[in-house]
Amino acid sequence: MTNPNHELVIIRNIIPWHKIIDRLTSFYDDSKGAYGKSLRWMIAILIVMRYRGLSDREVIRQIKENRYIQYFCNIPDEVLQTFIHHTSIYVFRKRIGKQGVEMIENEVFEVLRRAGVIKGDNALIDSSVLPNDIIYPNDVLLLYRAFKKMKEFAKLHKISLWWDDKEIKRLWKEYNLQKRSNRLEWLIIFNLLFVPALEQFKEMVNNLETRPKREEKAKVLLNLLELLETQTLEKINGETHIDNRIVSLDEPDARPIKKGKEHPKCEFGSTIQMSFNREGFMITIENFIGNPNDKKLFPETLALFTKRMKEEPETVTTDLGFRSQDNFKVSKNIKNVFLGRTDDVSEDKKDFCCKARSATEGFIAVAKNLRGFGRSLYKGFEGDRIWSVLCQTSYNLKKFILLLQKEKIEEHSLVKLGLA
């Protein structure tokens, strides 16, 4: 490598590859199946994908073209053109799941913590939304997508369609040409066709004879479409607030979430609860379906922060959304607890806590706009968790490199990391 101070060269030298590999071997069975790809390759590919913001296809192309990424992933020249297919990355992610990804993140985090790079004297806590990769939903679109899902089912099982598909396409085209007309009328029109189609679909699923996995998948779809039917009837009857409203058939765990911001007023995805230290390292990341109350999440987040850092913080900083007497009691052993009001702390700590609160918004803005938390591209709630943990890993590595370039890492920490 012509530049030994390149960020990927530095990161390669501090990641505990052998520890991570030893932990991930539990996901493989020596007695059955084909030989898997090199764990060293796959771990590095997962990390560099999120570090550089690359897709499965793009990361393979970049490895073949970029010598530093190739060096980071430890892929020799002789296998460079044929070492892996991009679909193997998806298979690997599915194999290790969120548990395996959390192992990778934890080992990287522990290296930085033990070296004294990540300190736990201040906890900055806040929540945000992790949007899913879906288009802006409306109720008519959901019914149209429901017909497409049943059509995929029919094609898979070689069943003739039991509704007039040309009529559905004609109505959908007409609806899009008249979007400014009464949407409720169109919802009723599509629902009148959807209800009998769903009844016949239910009979087909109940009488289906196929492989267990296909049968299970069909039943999951049936349950989802039945929830959609109930939701649509509530909407037609004038309900404005529907609990656990489905906004996407591809992302059934996504929910409409409002966080009080001017734009966008509502995002569709899951809630993420994050904690940082004052330097901006992300200590914890938690995922929740819907929009749980911040007051109730605070004790668990604080306990998780303490567990990861092996010590209680001296200062905790949040906003008014976390404020409650119970949360003051939970954090009674902490010296300074700022829950949105300056009179929560002593005079000499007011300025520090106000600046820390402002910094939290900046850390979240960087996370969402530059570090991948602006949109999850993996499907399902487990996919959101995998996405969040991988983004947390790259976020902390990026923060480490930024501080290193500004010479803000203490010398004893660099010695422990083998960089001095």
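Preceding this paragraph is the structure being described.
Visitor: I'd like to hear about the pattern of salt bridges, residue by residue, with values.
Guide: According to the stated counting rule, one finds 27 salt bridges in the structure shown. Residue Glu267 pairs with Lys368 through a salt bridge whose shortest N-O separation is 3.6 Å. Of this pair, Glu267 sits in strand β3 (residues 267–276) while Lys368 sits in helix α13 (residues 347–370); the two residues are 101 residues apart in sequence, bridging distant segments of the chain. For the pair shown, Glu267 and Lys368 are each scored as buried. The network of salt bridges with shared partners includes Asp126, Asp319, Arg357 and Glu361.

Visitor: Before we move on, can you summarise unusual backbone geometry with the specific residues and values?
Guide: Note: most residues except glycine have negative phi, and most peptide bonds are trans. At Lys158, a residue that is not glycine, the phi angle is positive and equals roughly 55°. The residue Lys158 is located in the loop between α7 (139–156) and α8 (165–177) in this model. Within the chain, Glu407 stands out as a residue other than glycine whose phi angle is a positive 60°. Its place among the elements puts Glu407 in the loop between α14 (380–405) and α15 (411–417).

Visitor: I'd like to hear about the packing of helix α2 (residues 17–24) against helix α3 (residues 39–52), residue by residue, with values.
Guide: Each pair of packed helices can be described by the angle between their axes along with the distance between the axes. Between α2 and α3, the shortest axis-to-axis distance is 10 Å and the interhelical angle comes to 105°. Of the possible angle classes, the one that applies to α2 and α3 is roughly perpendicular. Of the residues in α3, those in contact with Trp17, Ile20, Ile21 and Leu24 of α2 are Leu39, Arg40, Ile43, Ala44 and Ile47.

Visitor: Give a description of the packing of aromatic side chains that names residues and reports values.
Guide: Within the structure shown, the criterion is met by 17 aromatic pairs. Relative to Phe268, the ring of Tyr136 lies with its centre 5.1 Å away and its plane at 85°, an arrangement referred to as edge-to-face. Of the two residues, Tyr136 is situated in the loop between β1 (122–131) and α7 and Phe268 in strand β3; the sequence distance between them amounts to 132 residues. Judged by its relative accessible area of 10%, Phe268 is buried. Taking 5.4 Å as the distance between ring centres and 45° as the angle between the ring planes, the aromatic pair formed by Phe276 and Phe363 counts as tilted. In this pair, Phe276 is assigned in strand β3 and Phe363 in helix α13, connecting sequence segments 87 residues apart. Across this residue pair, the class does not change: Phe276 and Phe363 are buried. Counting every residue linked through ring pairs, the aromatic cluster contains Phe147, Phe153, Trp162, Trp163, Phe194 and Phe201. Across the ring face of Phe352, the terminal group of Lys349 is positioned such that the distance to the ring centre comes to 4.6 Å.

Cut-offs used in this document
Residues numbered from 1 in each chain as written. Predicted model: local features only at pLDDT ≥ 70, side-chain atom pairs only at ≥ 80, totals over all residues. Heavy atoms only, no water. Salt bridge = Lys/Arg side-chain N within 4 Å of Asp/Glu carboxyl O. Helix = DSSP H or I, 4+ residues; strand = E, 2+ residues; numbered from the N terminus. Buried < 20%, exposed > 50% of the residue type's maximum accessible area, 1.4 Å probe, protein only. Axes fitted to C-alpha atoms, helices over the stretch in contact; angles between N-to-C directions. Parallel < 35°, antiparallel > 145°, perpendicular 65-115°, else oblique. Contact = heavy atoms within 4.5 Å. Phe/Tyr/Trp six-rings, centres within 6.5 Å; stacked < 30°, edge-to-face > 60°. Lys NZ or Arg CZ within 6 Å of the ring centre and 35° of its normal.

Treat this as a map of the structure, not an account of what it does.
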